[in-house]
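Here's the letter readout for the chains.
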Amino acid sequence: MKKLIQFELRKIFSKRLTQVIFAALLLLSVLLGFSTYQNMYAFDGISNEGTGRTAVEIDKSVAEKYEGALTDEKVQQMMTDFKPTQDLHGMNAAYLYHNAMQSALFRNFSDLDGNWNGLRVSDVFGSEEIKIGYTYGWLKTSENMVRVFIILSLSIIIMTAPVFSGEYGGVDNIILTSKYGRTKCAAAKIIGSILAALIMTATISTINFIYAFMLYGSNGLDCSILFAPAGFVEGYIPFNITCGTLLKYQILLAFTGAVSVTGVTLILSAVCKSQMVALVASAAIYLFPVILPVSETSSLFRIIALLPLYHAQFISLMSVGQMSNGVLYAILAVPVALIFIGIGIAISRRAFAKHQVS
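Because the structure is predicted, anything quoted here is derived from the model rather than measured. (Residues numbered from 1 in each chain as written. Predicted model: local features only at pLDDT ≥ 70, side-chain atom pairs only at ≥ 80, totals over all residues. Heavy atoms only, no water.)

Caption draft 1: Main features of the overall build of the protein. The helix and strand inventory of the protein stands at 16 helices and four strands. Considering only C-alpha atoms, the protein reaches an extent of 80 × 40 × 35 Å along its principal axes. Evaluated residue by residue, the protein yields a buried proportion of 51% over its 358 residues. Residue pairs in contact within the protein that sit at least 24 positions apart in sequence constitute 71% of those at least 6 positions apart. (Helix = DSSP H or I, 4+ residues; strand = E, 2+ residues; numbered from the N terminus. Buried < 20%, exposed > 50% of the residue type's maximum accessible area, 1.4 Å probe, protein only. Contact = heavy atoms within 4.5 Å.)

Structure, rendered in structure tokens:
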């Protein structure tokens, strides 16, 4: 059985298409990370201004002055330090951007003119302790990984679609089935597919994390995502977690999404005799939630958010909030992934065995 699984893994990873997909994912990760890094901008409000590496250093330097627990006194100090010196010409000060710390401050504590809006820390964040520091690089990394993980899921579909459909009528399949039997061959294909999806997800996640660590260091991983610059998508998550915890959940959901999409693709690979039909049908099912006219405020969205696409696009799933026991709703993606892969295993084995008998 071990040899069969190794054979299936080699068959998946030795295909030129798989190698091209893997190279493309690596290139996408590097290009997104580098582009984000190079396009960063920061101004310390005095004399230092720059983009790219200079901007990151300015943002880190500004954050270092105020890092730690966010207090009312610290808010007042920052409001004084970051008070606009130029005419805003009617623009809302919340959209003024000099650096990440100033933007996060104005987003929460500024009126239209850049003056204190009268809110205290407890008014904005409740009783939660908000630890602030340099988080911008890690938040942008999380934003980039959404794109990478969606492409990763589609890549897993491309890798997995031929597992059964590409073998029907093949000489290798006939020889292996004759030697090992239908049950072992089907099990090896399923296990090989799951392992391939997990290996690909682990590799891409690790590379993205290491690359971000090289660019931004470990600063900010223990700081809150709630004190984020204006317009930042992670700011819509309505509870206080650190950047490190955010990334842990995101990577966990990347794995649950990979497992879920593998289960769906295995079913269609076993049912369809054409690789192209299996591929197109799997991709269509994966992307189907995009066209559903269901808003995030609808109770039905809590169910739709557990579909594989939303595992990769994790913000919506994380934003659903917490369950009555205080556990994040997103953790339900784990049993959902097990259900998807369980159904995928059962149906694909039966369909493959039925085909072999016929």
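Caption draft 2: Summary view of empty space enclosed by the protein. On inspection of all chains with the given rule, the structure shows four cavities of 30 Å³ or more. Taken together, Ser29, Leu32, Gly33, Thr36, Lys140, Thr141, Asn144, Asn208, Tyr211, Ala212, Leu215 and Tyr216 form the lining of the largest cavity. Looking at the lining of the largest cavity, the elements that each hand over two or more residues are α2 (16-38), α7 (136-160) and α10 (182-216). Here the lining of the largest cavity gets five residues from one element, more than from any other, and that element is α10. Tallied by class, residues from the lining of the largest cavity come to five nonpolar, six polar and one charged. (1 Å grid on protein atoms, 1.4 Å probe; cavity = no way out; pocket = protein on both sides within 12 Å on 5 of 7 lines; lining within 4 Å. Points joined across faces, edges and corners; volume = space filled by probe spheres on them. Nonpolar A, V, L, I, M, F, W, Y, C, P; charged D, E, K, R; others polar.)

Caption draft 3: Up close: the packing of α7 against helix α12 (residues 275-287). Orientation of α7 relative to α12, taken along the N-to-C sense of each, is 150°, at an axis distance of 9 Å. Considering their axes alone, α7 and α12 lie roughly antiparallel with respect to each other. Of the two elements, α7 crosses α12, and the hand of that crossing is right-handed. Along the contact surface, α7 presents Ile150, Ser153, Leu154, Ile157 and Ile158, while α12 presents Leu279, Ser282, Ala283, Tyr286 and Leu287. A class-by-class count of the residues in the contact of α7 with α12 yields eight nonpolar, two polar and no charged. (Axes fitted to C-alpha atoms, helices over the stretch in contact; angles between N-to-C directions. Parallel < 35°, antiparallel > 145°, perpendicular 65-115°, else oblique. Left-handed = near helix turned anticlockwise from the far one by under 90°.)

Caption draft 4: The arrangement of the environment of Phe164 in detail. Here Phe164 is to be found in helix α8 (residues 162-165). Along the chain, Phe164 and Glu57 lie 107 residues apart, while their C-alpha atoms are 52 Å from each other. Every residue in contact with Phe164, bar those within four places of it in the chain, is listed here: Ala186, Lys189, Ile190, Leu266, Ser269, Ala270, Ser348 and Phe352.

Caption draft 5: How the structure looks around the nonpolar core. In this structure, Leu70, Phe227 and Met318 are the most contacted members of the largest nonpolar core, which totals 103 residues. If you tally residues by element for this core, the top one is α10, at 13 residues. When residues of this core are assigned to domains, at least three fall in each of domain 1 (2-36 + 136-353) and domain 2 (40-132). (Core = buried A, V, L, I, M, F, W, Y, C linked by side-chain atoms within 4.5 Å. Domains from an automatic or database assignment.)

Caption draft 6: Inspection of the confidence of the model for the protein at higher detail. In this model, the protein carries an average pLDDT of 89, and 92% of its residues clear a pLDDT of 70 or more. No element of the protein has a lower mean pLDDT than helix α9 (residues 171-180), at 46, and none a higher one than strand β4 (residues 131-132), at 96. Between residues 174-181, whose pLDDT stays under 50, and residues either more than four places distant or in other chains, the model counts ten contacts. (pLDDT = per-residue confidence, 0-100.)

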